[in-house]
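This is what each chain is made of:
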Amino acid sequence: MPPHPRGCAFLSRFFATPNYETRHFLNLASECGLLPVIEEYHADKFVAHNPIKRALARLGFHTGHDRHSRRLVEFASILDWSQQGRPMCDVVTRWGQSLLDFHRELFAIAINGAASAFLYECAPQYARAGSSPSAYYRAFFRVCVADGILFEDFLLDPNELTFTRDIVLPAFEDVKAEFGLRPLIVRLSEPEEQSAPHWFWYPSELKSVVTARLQGAIK
């Protein structure tokens, strides 16, 4: 981990991307005086039924509110969905750029270096830790005992309950027993906002970047 006098703030996602969730995380890290570290996992398989993965390929742009104050969104699909099952790092956009490189570029355009986020690809460390998600979480929670704080929402709704109960909680308890200390985890969002889809949307000003790429792919 990069040295920092007050430690790191961790966000664990497949790719770093400048959606509203990432922006919120970067603001929280700044308010706490922590170095933001976005842990990425490029080797995971791309599947459309996972909402976080789907949002990386079907980008939603927040365009305003209607007269009832409801958020308005426009979507743009940027890849051929027949690529499901490939490693995330091997998926390509409609214009031939890798999905990973595109989100790297979008992140650089939107954040412009001001956030000082440290991007960390964890696949090699996960491979050494073991092949199961529970092993991944044990390895990651060990880092969160002293080196930083994980910002995350582990949900108990029907879609996430089994994963939280069978994977996350046992890993948490194992690390707690190993060190005699709890891994440091704080809520990323308020309870009423945790399942809201708008966290994975993007500001409307980034829509022109995607539109230009898609138009170029059609020509």
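Provided above is the structure to which this section pertains.
Anyway, here's the lowdown on the structure attached to this text. Per chain, residue numbering runs from 1 following the sequence as it is written. Only residues with pLDDT of 70 or above have their local features reported here, since the model is predicted, and side-chain atom pairs are shown and tallied only from 80 upward, although totals for entire chains, interfaces and linings are computed over all residues. Only hydrogens and water are removed before side-chain values are computed, so all heavy atoms of the structure are retained for them.

Attention shifts here to the sheet that holds strand β5 (residues 118-121). Pairing between strands requires that DSSP locate at least two bridges from one strand to the other. Every helix listed is a DSSP run of H or I at least four residues long, and every strand listed is a run of E at least two residues long, numbered separately from the N terminus. Read from one edge to the other, the open sheet built from five strands follows the order β5-β2-β1-β6-β7, with strand pairing classed as parallel. In this open sheet, the two strands that pair with only one neighbour each are β5 and β7 (185-186). Across two bridges, the pairing between strand β6 (residues 148-151) and β7 is parallel. Of the residues in β7, the one forming a bridge with Leu150 is Ile185. Across the sheet, helix α1 (residues 20-32) lies against β1 (8-12), β2 (35-40) and β6, angled at about 145 degrees from β2, the strand it touches most. In this analysis, two residues are considered to be in contact whenever any of their non-hydrogen atoms come within 4.5 Å of each other. Lines fitted to C-alpha atoms define the axes here, with helix axes fitted over just the stretch in contact, and angles between the N-to-C directions of these axes take values from 0 to 180 degrees.

Attention now goes to the pattern of salt bridges. The working definition used for a salt bridge is a side-chain nitrogen of Lys or Arg within 4 Å of a carboxyl oxygen of Asp or Glu. Using the criterion set out here, one finds eleven salt bridges in the structure. One salt bridge connects Arg138 with Asp174, and the closest N-O pair in it is separated by 3.7 Å. Separated by 36 residues along the polypeptide, Arg138 in helix α5 (residues 133-143) and Asp174 in helix α6 (residues 161-179) bring together distant segments of the chain. Burial status follows relative accessibility: with a 1.4 Å probe on protein chains alone, a residue under 20% of its type maximum counts as buried, one over 50% as exposed, and anything between as partly exposed. We classify Arg138 as partly exposed; its relative accessible area is 25%. Owing to a relative accessible area of 40%, Asp174 belongs among the partly exposed residues under this scheme. Here the salt bridges do not stand alone but share partners, grouping Arg13, Glu21 and Glu152 into one network.

Turning next to the sheet that holds strand β3 (residues 58-65). Within the open sheet, the three strands sit side by side as β4-β3-β8. Their pairing is mixed. Unpaired on one side and paired on the other, β4 (71-77) and β8 (202-203) mark the two borders of the sheet. Both β3 and β4 contribute to a ladder of seven bridges, which runs antiparallel. Looking at the pairing, His65 lines up with Arg71 of β4.

Here the focus is unusual backbone geometry. Note: most peptide bonds trans; most residues except glycine with negative phi. Although it is not a glycine, Ser69 sits at a positive phi angle of roughly 70 degrees. For Ser69, the position within the fold is in the loop between β3 and β4. Judged by its relative accessible area of 59%, Ser69 falls in the exposed class.

Moving on to α6. Helix length check: α6, at 19 residues, gives a terminal C-alpha distance of 26 Å against a target of 27 Å (1.5 Å per residue), a fit within 8%. Within α6, the axis deviates most sharply at Val168, by approximately 30 degrees, and proline Pro170 lies no more than four positions further along. Residues Thr164, Ile167, Val168, Ala171, Phe172 and Val175 constitute the buried set of α6. Looking at the packing, one finds that the buried side of α6 touches α5 and β7. Within two residues after α6, Gly180 carries a phi angle of roughly 75 degrees, on the positive side. Expected span, for any helix, means 1.5 Å times one less than how many residues it has. Here the bend at each residue means the angle between axes fitted to two seven-residue stretches, the one ending at that residue and the one beginning there.

Turning our attention to the pairing of β3. The hairpin turn running from β3 into β4, its antiparallel successor, is five residues long, and Ser69 in that turn takes a positive phi close to 70 degrees. Judged from the two bridges that link them, β3 and β8 form a sheet pairing that is parallel. Bridge pairing in β8 places His62 opposite Pro203.

The values reported here are purely geometric and, on their own, carry no functional implication.
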